[in-house]
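# Survey of secondary and tertiary structure
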Amino acid sequence: MVAICDLEVDVNGEEAFLVSKASFLITASLACQIVGDLDDLQGILSSFSGRLRKLFSKPSIASIAETSKVVFHNFPGSVRGFELMARFCYNNGRIQITPSDACLLHCVADYMEMTEDASSFPSLIKLTEVYLLGIPCWSWSEITSALRQCQDFLPSAISSGILDRIIDSVAGRITTAGVGDTTPSGSSPESSAFRFSCDTRSSISTRSGIHRAWWFEDLSLLNTDMIQQVIASMVLQKVDNVMISRFLFYYLKCGAHGSPSEKRKATETAIDLLHSLDRSCVSCKGLFNILRVASSLRLSKSCHGRLENMIGSQIDQATLDSLLIPAPIGIGSLYDVSLVLRFLKSFLASVGQASMTRMKRVGCLIDSYLAEVAPDPSLEPSKFAALITILPDAARDSHDAIYRAVDLYLEVHGELSEEERMKICYAINHDKLSSESCMHLAGNPKFPSRTAVQALISQQSKLKSLLQNTYSAPPKDSKDKKNRFDNNKLDCSMDNEKLSAQLHEMQWRVTELEKICKKMQTQMAEVMKNTISNPSGSRSLPMLCSRLIP
């Protein structure tokens, strides 16, 4: 098209601009002609750009009579950015600025050092600065469009400071907009109908009511780097952490697309951002959803650790179905018990001994989990024992569920040695077993003999304690009757009859309890005799008395 040119400009290796003194600006693939009336091409550009003036003033450049070549790297906006700058220079510092190109022009002006000191002509950076003062008056669609545009020249947008101003405006509108608003303040009227339809789909139920997250869909179109910048600003501006966490879950579900590496980057970024929020504001269910896809994305070890730590710190909010995670390939067991153990360690590290309500909730959850994993023939005894013992004793009011799980595990794993059985049964607190469980354990051949003896001793202690309380504590009703008799002078004969009946009933209960204790002592002697005479052989323990007087 043009055989001879005075200046060749390479912009980011994408396009070569060929410029001649005849005032033509031509690209190799774009028929773009800009008319000017200055003869000195280098003077046209350098009169507005301090960067070009420094470049052209170098002796190595000025002494070249033939075509000069300038190569720009990381030019903001690439080809479009250079064209806008050239139009500004050829029009003697005049250009129409709109919200769609204000950020780009500002970054170009900053990159090319188009300041007031560089020229007596109007400064492009000054013009854009004045225009950007009107950001609060931009519509929501204009400001989100500018935010998406900054993604194409993110380093320049950050260094020039324009990105912070746009993001602060976005976060500010999210903060100040009402919960029930269908459109943010400043939105363009033409987008209202579309915004209302989006709000209907993205309404979110929270503990405090229904939140219409009108901004979810718009911001989910941003890339991962921009999401990180926006969320960081939201946190600084005290945007509700619940809404931020919900948006991040929404972004991973609806906005994070692309190659596996892009999905991995988006997931790791979301996990890091969630980790910076208040833990109570992050959904445990949402974290489990991330965990399900994390294995296929091959997250970094540190990122996976943060995810497990977040789940573990609020494991009391989890459900049994969430914990039933299949074991990784190559692990023999059905479920990933090691992962659940790591969850519990994180929970204990975060909650300590302060909240017994949460601790007992976790104890109930793990009892249900034990019942599910106990029938697994590939579950190692050490891991099963670790599941039982990892929580403190105070986490459970009753050990009946543990006993049933151990009973089922020993039934499936009949090949365990006596030592392995003892390690598992050691975790059972016999004092927290019901009478029915104690009686069942005493006659259960799957349990070691020593465990059965401990169960009988515990049951005997309970009966002795009950007997002592019966002897030492006079009936409350009799005291009340006597007091009422003394104070109100009631009929003595009627009170004496009732008191006599109560004493007779008490004596009968004491007699029955004594019989039970004697019977248990006989059973204990037989158990110990059988254990000493035949320690390695099979034994048949006598059943406890099947009837206890309530």
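Definitions and cut-offs
Residues numbered from 1 in each chain as written. Predicted model: local features only at pLDDT ≥ 70, side-chain atom pairs only at ≥ 80, totals over all residues. Heavy atoms only, no water. Helix = DSSP H or I, 4+ residues; strand = E, 2+ residues; numbered from the N terminus. Buried < 20%, exposed > 50% of the residue type's maximum accessible area, 1.4 Å probe, protein only. 1 Å grid on protein atoms, 1.4 Å probe; cavity = no way out; pocket = protein on both sides within 12 Å on 5 of 7 lines; lining within 4 Å. Points joined across faces, edges and corners; volume = space filled by probe spheres on them. Nonpolar A, V, L, I, M, F, W, Y, C, P; charged D, E, K, R; others polar.

As recorded by an unreviewed UniProt entry, the protein carries the name NPH3 domain-containing protein and is attributed to Musa balbisiana.

## Quick word on the environment of Y426
Relative to the helices and strands, Y426 resides in the loop between helix 22 (418–425) and helix 23 (435–442). Y426 sits in the exposed class, given a relative accessible area of 70%. For the pair Y426 and I388, spaced 38 residues apart in the sequence, the C-alpha separation amounts to 9.6 Å.

## Observations regarding unusual backbone geometry
With a phi close to 55°, S78 is a non-glycine residue in the positive phi region. Assignment of secondary structure puts S78 in helix 4 (residues 78–90). Judged by its relative accessible area of 10%, S78 falls in the buried class. Although it is not a glycine, N92 sits at a positive phi angle of roughly 55°. Its location among the elements puts N92 in the loop between helix 4 and helix 5 (102–111). The partly exposed category is assigned to N92, whose relative accessible area is 32%.

## Description of the layout of surface pockets
Volume-wise, the second largest pocket comes out at about 320 Å³. Along its surface, the second largest pocket is lined by 16 residues, and L291, S295, I325, P326 and D336 are the ones closest to its centre. Of all the secondary-structure elements, those providing two or more residues to the lining of the second largest pocket are helix 15 (284–297), helix 16 (301–313) and helix 18 (337–351). Top contributing element to the lining of the second largest pocket by residue count: helix 15, with 4 residues. Looking at side-chain class alone, the lining of the second largest pocket contains 9 nonpolar, 2 polar and 5 charged residues.

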